[in-house]
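A structural walkthrough
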Amino acid sequence: MPHRPYEIDVMISAKAIAARIEDLAREIGREFADTDKLVVVGLLRGSFVFIADLVRELDMPVEVDFLEASSYGDGMESSREVRILKDLRGQIEGRDVLVVEDIVDTGHTLKHVTEFLQTRNPAKMRCIALLDKPARREVDFKADLIGFEIPDEFVVGYGIDFAQRNRNLPFIGKVRFTDPA
Ligand code: IMP
């Protein structure tokens, strides 16, 4: 199906993201000050740029692992039914874990993923999301750390896609359709 034409307006600049990540890394350092080696779990695919920048600001031993949950597919609406498509490679039982997500939207994904990971009995688990769209929440879920709260807009860039495009933009942009429909 051909795409409706759209343009992308900058919402959060690369510079603003980098500055916020420094603050977040400091908070994570405080939260996990007593941790021997933190397991940083990125949710594929949207968090791959965020996790790459975040771990490079962390001044502590970290292990990086990835989990993939089903998501939007090619559309702009959540499927609401979350499935684990790719499991972790490592063990998290008794470990300190930081789950890294790109956006909390309806909340279904992170609620499901954190419940799934809790069944493996981590010692301590916290959740960080770069973006939060609280106006869209459908289930009771709150990330422990948030980069930016944003309005109900469809965004792309910095790892986040629209139908597998625009992940490589260095900033967060807002999708604006340019056709009359
Ligand atoms: P949730 O389960 O509705 O909270 O959705 C979380 C996932 O939906 C995110 O990890 C993204 O993959 C996707 N998502 C939510 N909002 C957007 C958006 O504005 N642009 C692109 N993907 C989004």
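Calculation criteria
Residues numbered from 1 in each chain as written. Predicted model: local features only at pLDDT ≥ 70, side-chain atom pairs only at ≥ 80, totals over all residues. Heavy atoms only, no water. Helix = DSSP H or I, 4+ residues; strand = E, 2+ residues; numbered from the N terminus. Rg over C-alpha atoms; globule rule 2.2 N^0.38 Å. Areas by Shrake-Rupley, 256 points an atom, 1.4 Å probe, with all protein chains shown as cover. Lys, Arg positive; Asp, Glu negative; His and termini not counted. Charge placed at Lys NZ, Arg CZ, Asp CG, Glu CD. Pairing = 2+ DSSP bridges. Axes fitted to C-alpha atoms, helices over the stretch in contact; angles between N-to-C directions. Buried < 20%, exposed > 50% of the residue type's maximum accessible area, 1.4 Å probe, protein only. Near = heavy atom within 4 Å. Polar contact = N/O pair within 3.5 Å; in protein donor to acceptor, adjacent residues only side chain to side chain. Nonpolar A, V, L, I, M, F, W, Y, C, P; charged D, E, K, R; others polar.

Re the overall build of the chain
Helix and strand counts for the chain come out as three helices and nine strands. Reading the secondary structure of the chain in the N-to-C direction produces β-α-β-α-β-β-β-α-β-β-β-β. Computed over the C-alpha atoms, the radius of gyration of the chain is 16 Å, within 12% of the 16 Å expected from 2.2 N^0.38 for a compact globule of 181 residues. For the C-alpha atoms alone, the extent of the chain along its principal axes is close to 55 × 35 × 25 Å. Surface summary for the chain: the accessible area is close to 9,500 Å², and the carbon and sulfur share equals 47%. Here the chain contributes 25 positive and 33 negative side-chain charges, whose respective centroids are spaced 2 Å apart.

Quick look at the sheet that holds strand E3 (residues 62-69)
Ordered by their spatial adjacency, six strands build an open sheet running E4-E3-E2-E5-E6-E7, and the pairing between neighbours is mixed. At either margin of the open sheet sits one strand with a lone partner, and together these are strand E4 (84-86) and strand E7 (145-149). Strand-to-strand, the axes of this sheet are offset by a mean angle of 25°, without reference to chain direction. Here four bridges tie strand E6 (residues 124-132) to E7, and the two strands are oriented parallel to one another. Residue pairing across strands places Ile128 opposite Leu145, the latter belonging to E7.

Concerning unusual backbone geometry
Leu44 connects to Arg45 through a cis peptide bond whose omega is -5°. By secondary structure assignment, the location of Arg45 is in the loop between strand E2 (38-44) and helix H2 (48-57). Not every positive phi belongs to a glycine, and Asn166 is a case in point at roughly 75°. Summarising the element assignment, Asn166 is placed in the loop between strand E8 (155-156) and strand E9 (172-177). Its relative accessible area of 16% is what places Asn166 among the buried residues.

Some remarks on the environment of Glu115
Looking at where Glu115 falls in the secondary structure, it is placed in helix H3 (residues 108-118). We classify Glu115 as partly exposed; its relative accessible area is 44%. A sequence separation of 72 residues divides Glu115 from Leu43, and the C-alpha atoms of the two residues are 14 Å apart.

Considerations on the site of the ligand
In the vicinity of the ligand lie 17 residues, with Asp102, Thr106, Thr109, Lys133 and Val155 positioned nearest. Within the backbone of Gly107, an N or O atom sits 2.8 Å from an oxygen atom of the ligand. Here a nitrogen atom of the ligand and a backbone polar atom of Val155 are 2.7 Å apart. Expressed as a share of its isolated accessible area of 490 Å², the protein-covered part of the ligand is 94%. Mapped onto the shell around the ligand, the elements with two or more residues apiece are strand E5 (96-104) and H3. At four residues, the largest contribution of residues to the shell around the ligand is made by E5. Looking at the shell around the ligand, its residues break down into six nonpolar, five polar and six charged.

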